[in-house]
Amino acid sequence: MTAARPQDIDAIVPLRAWVAVLGAVLGCFMAGMNVHVTNASLPDVRGSLGASFEEGSWITTAYLVAEIIVIPMTGWLVSVFSIRRVLMTGTGGFIIFSFACSTAPDIGTMIAARALQGAFGGVLIPLSFQITIGELPRSKHPFGMALFAIANNVAQAAGPSIGGWLTDALSWRWIFYLQVPPGLLLLMAIGWAMPRQQAKLGKLRSGDWGGIATMACGLAALQIMLEQGEREDWFASAFIVGAAATSLLSLAAFVLIELQRRAPLINLRLLGHYNFGLASLMQFAFGAVAFGVVFLLPNYFAELHGYNAEQIGATMVPYGLIQLAMSFAAPKLMQWSNVRIVIVTGFVIMAIGCLMNIHLDSNAAANVIVPSLIIRGIGQSLIVVALGVMAVDGLDKAELGSASGLFSTVRNVGGAIGIALSSQIVVERAKLHAARIGEQVTLFSSEARERMMELVRLLSHLHASREATMNNATLAAVRQQALAILDRKVRHEAMLLAYSDAFLIAGLSMLACAGCTLLLRRASRR
């Protein structure tokens, strides 16, 4: 009998390892979905809890701030308490505070529960990455990353879809009730599959507390600045200036501390690994575009086409389904071709999907956006699977904990900046386009005069059908209505152009990443 080749032995994966990986992927999906799950239902949540627009915005901000602090701490927490304890504690807390969100009687309770939900759920994403890479042999990494990609990508589409559907069909509170059953399933899977390990509590005394404090302060201030900047008129607000200064100083101190410590909270020296450093830069840009686009679409449909929460959610379903299919196809593509080719292809396809939306008009609703979403979903799936494999190639297993936390943090920080930038781009470009269009809509323009006269005639006819005579006051009111309609039309066209600009910038960013991919070194043979 022929002896088994090393790669054949390497490919045999125990059942417990598969259960651990699948459980971790489920946790990643839960945590990822919760970032976006309230996007389509925020008006209903605010109305139910009697919250203002500014208060309601903290429902998302609180979750993101807590999550972005905990994610980079995960590797250190695992080294102290063991991966099993951290994952089970994180899952248990996530379940408890999901239930607390669903029963929140007021906005203050909701914000506090969302912050704690984000804090406990923050460990689920990096640990999913770490378990997938750590428990599976190298030959199974592409398939494992496909599962991780499904959890990440489909969660982005499923969040608004599930949130919108549940809000219209039942109540927004069911968004959080439904987190409990999969959370309990995850607890059982991890409890059975992950081995018990001795805690190393002595590491608490030598912990990188300076790094923890400066990182938490810096990332929290950065997230708050990005989330609240537009509402506070950015640097015209003393609050935003203070947050920016706090973030800059704290993160600068954090980098200095981490580079000087022999056992840092996050091993920033990993960025010195050529492929990991370059892949992290691309991950940052990818996170900015992926999160920014998902943030823009519900607003685009609601503002310019009057979609409700259920309709917005329905438009995201094809986006999730195509990523589900492509995440399984990506490992096969990686076997048939070079990993770099798959990454380049992913970025080019995603760029095409963005550039399909650079000529939006009044008729560009789901008929235009959904096809571009499907294209972007194909590219996004290829990027997540292949870029993750390329990033960790060549790293030691002992470095995976810090690498997974750092890689996830880079993506989330990029996403936070992407959301803020995309929102600001739309606002500023809309002002610019409105001013330029307004320059053409004057009494000196024959087209504008004709349009104005058509509106006045139409409105006069409507008034005449309700009133016996048209006096001067009524005629003046008709002219004011015509001007208001014309103004709304100008603003509507300006917003369409602004969203088109945002998609153009996103597409060009993805093309730049495709160029950077060519600089990656070849992956080692598996």
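This one's a predicted model, so the numbers in the text were calculated from it and none came from an experiment.

Caption draft 1: View of the packing of helix α16 (residues 339–355) against helix α17 (residues 366–392). Close contact between α16 and α17 brings their axes to 7 Å; oriented N to C, the two are set at 150°. One element, α16, and the other, α17, form an angle in the roughly antiparallel class. Taken as a pair, α16 and α17 cross one another with a handedness that is left-handed. Touching V339, R340, V342, I343, T345, G346, F347, I349, M350, I352, G353 and C354 of α16 are S372, I375, R376, I378, G379, Q380, L382, I383, A386, L387 and M390, all from α17. Residue classes in the contact of α16 with α17 are distributed as 15 nonpolar, six polar and two charged.

Caption draft 2: Highlighting unusual backbone geometry. In this model, S82 sits at a positive phi of 90°, which is unusual for a non-glycine residue. Structurally, S82 can be placed in the loop between α5 (74–81) and α6 (83–102). S82 sits in the buried class, given a relative accessible area of 4%.

Caption draft 3: Up close: the nonpolar core. Formed by 130 residues in total, the largest nonpolar core has its most connected members in Y300, I343 and F347. When residues in this core are grouped by element, the largest group, 16 residues, is from helix α14 (residues 274–305). V37, C101, M110 and A155 belong to the second-largest nonpolar core, a separate cluster that totals 17 residues.

Caption draft 4: Region of the structure containing the packing of aromatic side chains. All told, the structure shown has nine aromatic pairs when counted by the stated rule. Between the aromatic rings of W76 and W209, the centroid separation amounts to 5.4 Å while the plane-to-plane angle is 80°, which identifies the pairing as edge-to-face. Linking W76 in helix α5 with W209 in helix α12 (residues 209–228), this pair joins segments that are 133 residues apart in sequence. A ring pair is formed by F301 and Y307, whose centres lie 4.8 Å apart and whose planes are at 15°; its orientation type is stacked. On the basis of relative accessible area, F301 is assigned to the buried category, the value being 0%. Among the aromatic side chains, those forming a connected cluster through ring pairs are Y300, F301, Y307 and Y499. Over the ring of W192 we find R16, and its NZ or CZ is 4.2 Å from the ring centre.

Caption draft 5: Geometry of empty space enclosed by the protein. Counted by the stated rule, this structure contains four cavities of 30 Å³ or more. Roughly 120 Å³ of volume is contained in the largest cavity. Taken together, 14 residues line the largest cavity, and the ones lying closest to its centre are F148, Q283, V384, F407 and R411. Looking at the lining of the largest cavity, the elements with two or more residues in it are α8 (124–135), α9 (141–169), α14, α17 and α18 (400–440). The dominant element in the lining of the largest cavity, judged by the number of residues it contributes, is α17, at four residues. Residue composition of the lining of the largest cavity, by class: nine nonpolar, four polar and one charged.

Caption draft 6: Region of the structure containing α12. In this model, α12 (20 residues) spans 28 Å end to end at C-alpha, consistent with the 28 Å of a helix rising 1.5 Å per residue. A large share of α12 lies buried, amounting to 16 of its 20 residues.

Caption draft 7: Up close: the side chain of T517. Within the fold, T517 resides in helix α20 (residues 472–517). Of note is the side chain of T517, whose polar atom sits 2.9 Å from the backbone oxygen of C513. Apart from residues no more than four positions distant in its own chain, T517 is found in contact with M282, R340, I343, V344 and F347.

Caption draft 8: Focus on the environment of D106. Tracing the backbone shows D106 in the loop between α6 and α7 (107–121). Note on D106: relative accessible area 34%, which makes it partly exposed. Along the backbone, D106 and V45 are 61 residues apart, and their C-alpha atoms lie at a distance of 9.9 Å. Within the local environment of D106, its side chain forms a polar contact with the backbone nitrogen of G108, the two atoms lying 3.2 Å apart.

Caption draft 9: Examining the pattern of salt bridges more closely. In total, this model carries two salt bridges according to the counting rule given. A salt bridge links E428 to K431; its shortest N-O distance comes to 3.8 Å. Taken as a pair, E428 and K431 lie in helix α18 at a separation of three residues, close to a single helical turn. Close ionic contact of R429 with D501 constitutes a salt bridge, the shortest N to O distance being 2.8 Å. Within this pair, whereas R429 is found in helix α18, its partner D501 is found in helix α20, the two being separated by 72 residues in sequence. Judged by relative accessible area, which is 31%, R429 ranks as partly exposed.

Caption draft 10: Region of interest: helix α11 (residues 180–193). The end-to-end C-alpha separation of α11 is 20 Å, in line with the 20 Å expected for 14 residues at 1.5 Å each. Here α11 has its buried residues at V180, G183, L186, A189, I190 and A193.

Caption draft 11: Inspection of the packing of α6 against α8 at higher detail. Between α6 and α8, the shortest axis-to-axis distance is 10 Å and the interhelical angle comes to 145°. Here α6 runs over α8; the crossing is left-handed. Residues I83, V86, L87 and T91 of α6 pack against L124, L127, Q130 and I131 of α8. Across the contact of α6 with α8, the residue classes tally to six nonpolar, two polar and no charged.

Caption draft 12: Region of the structure containing the confidence of the model for the protein. For the protein, the average pLDDT comes to 79, and 84% of its residues sit at 70 or higher. Highest mean pLDDT in the protein belongs to α16 (91); lowest belongs to helix α1 (residues 6–10) (45). For the stretch residues 1–9, pLDDT sits under 50, and the model shows one contact to residues farther than four places along the chain or on other chains.

Caption draft 13: Representation of a nonpolar patch on the surface. A contiguous nonpolar surface patch, about 460 Å² in accessible area, is contributed by V348, I352, M356, L504, L508 and L511. Listing elements by their share of the nonpolar patch, those giving two or more residues are α16 and α20. No other element matches α20, which puts three residues into the nonpolar patch. With respect to the helices, strands and loops of the structure, L504 is situated in helix α20. Take L504: its relative accessible area is 33%, and that puts it in the partly exposed class.

Caption draft 14: Looking closely at the environment of I190. Its location among the elements puts I190 in helix α11. On the accessibility criterion, I190 (1% relative accessible area) is buried. Separated by 103 residues in the primary sequence, I190 and L87 place their C-alpha atoms 7.7 Å from one another. Residues in contact with I190, not counting those within four places in the same chain, are A20, A24, R84, L87 and M88.

So, how was this worked out
Residue indices begin from 1 for each chain and proceed along its sequence in written order. With pLDDT at 70 or above as the cut-off, local features in this predicted model cover only qualifying residues; side-chain atom pairs require 80 or more to be listed or tallied, and sums for whole chains, interfaces and linings still use all residues. The basis for the side-chain values is all heavy atoms of the structure; hydrogens and waters are excluded. Angular values range over 0 to 180 degrees, each being the angle between N-to-C directions of two axes fitted as lines to C-alpha atoms, with helices fitted over their stretch in contact. For the purposes of this entry, the term helix denotes a DSSP run of H or I that reaches at least four residues, the term strand denotes a run of E that reaches at least two, and both are numbered from the N terminus. An angle below 35 degrees is read as roughly parallel, one above 145 as roughly antiparallel, one from 65 to 115 as roughly perpendicular, and any other as oblique. Note on convention: near helix rotated counterclockwise from far helix by under a right angle means a left-handed crossing. Clockwise means right-handed. Contacts are assigned to residue pairs with any non-hydrogen atoms lying within 4.5 Å of each other. Here the term charged refers only to Asp, Glu, Lys and Arg, the term nonpolar to Ala, Val, Leu, Ile, Met, Phe, Trp, Tyr, Cys and Pro, and the term polar to all other amino acids, Gly among them. The classification of residues rests on relative accessible area computed with a 1.4 Å probe and restricted to protein chains. Under 20% of the type maximum is buried, over 50% is exposed, and intermediate values are partly exposed. Definition of nonpolar core: a set of buried residues of the types Ala, Val, Leu, Ile, Met, Phe, Trp, Tyr and Cys, connected through side-chain atoms within 4.5 Å. Here a Phe, Tyr or Trp ring, Trp counted by its six-membered ring, pairs with any other such ring whose centre lies within 6.5 Å, and the pair is stacked when the planes are under 30 degrees apart, edge-to-face when over 60, and tilted otherwise. Each ring is checked for a lysine NZ or an arginine CZ that lies within 6 Å of its centre and within 35 degrees of its normal; such an atom marks a charge sitting over the ring. A cavity, in this analysis, means grid points on a 1 Å lattice covering only the protein atoms where a 1.4 Å probe fits yet has no way out; a pocket is instead an open set bounded by protein on both sides within 12 Å along at least five of seven lines, and a residue lines either one if it has an atom within 4 Å of a point. Grid points are joined across faces, edges and corners, and a volume is the space filled by probe spheres set on the points. Residue count minus one, scaled by 1.5 Å, sets the expected span of a helix. In the analysis that follows, any N or O atom pair within 3.5 Å is treated as a polar contact, provided that within protein one partner can donate a hydrogen and the other can accept it, and provided that, for residues neighboring in sequence, both atoms belong to side chains. Salt-bridge detection follows one rule: a side-chain nitrogen of Lys or Arg within 4 Å of a carboxyl oxygen of Asp or Glu. Confidence per residue, as judged by the predictor, is encoded in pLDDT with a range of 0 to 100. Surface patches are drawn from residues lacking salt bridges whose relative accessible area is over 30%; two like charges belong together within 9 Å, two nonpolar side chains (Val, Leu, Ile, Met, Phe, Trp, Tyr) within 5 Å. Note on areas: Shrake-Rupley with a 1.4 Å probe; residue coverage comes only from the protein chains shown.

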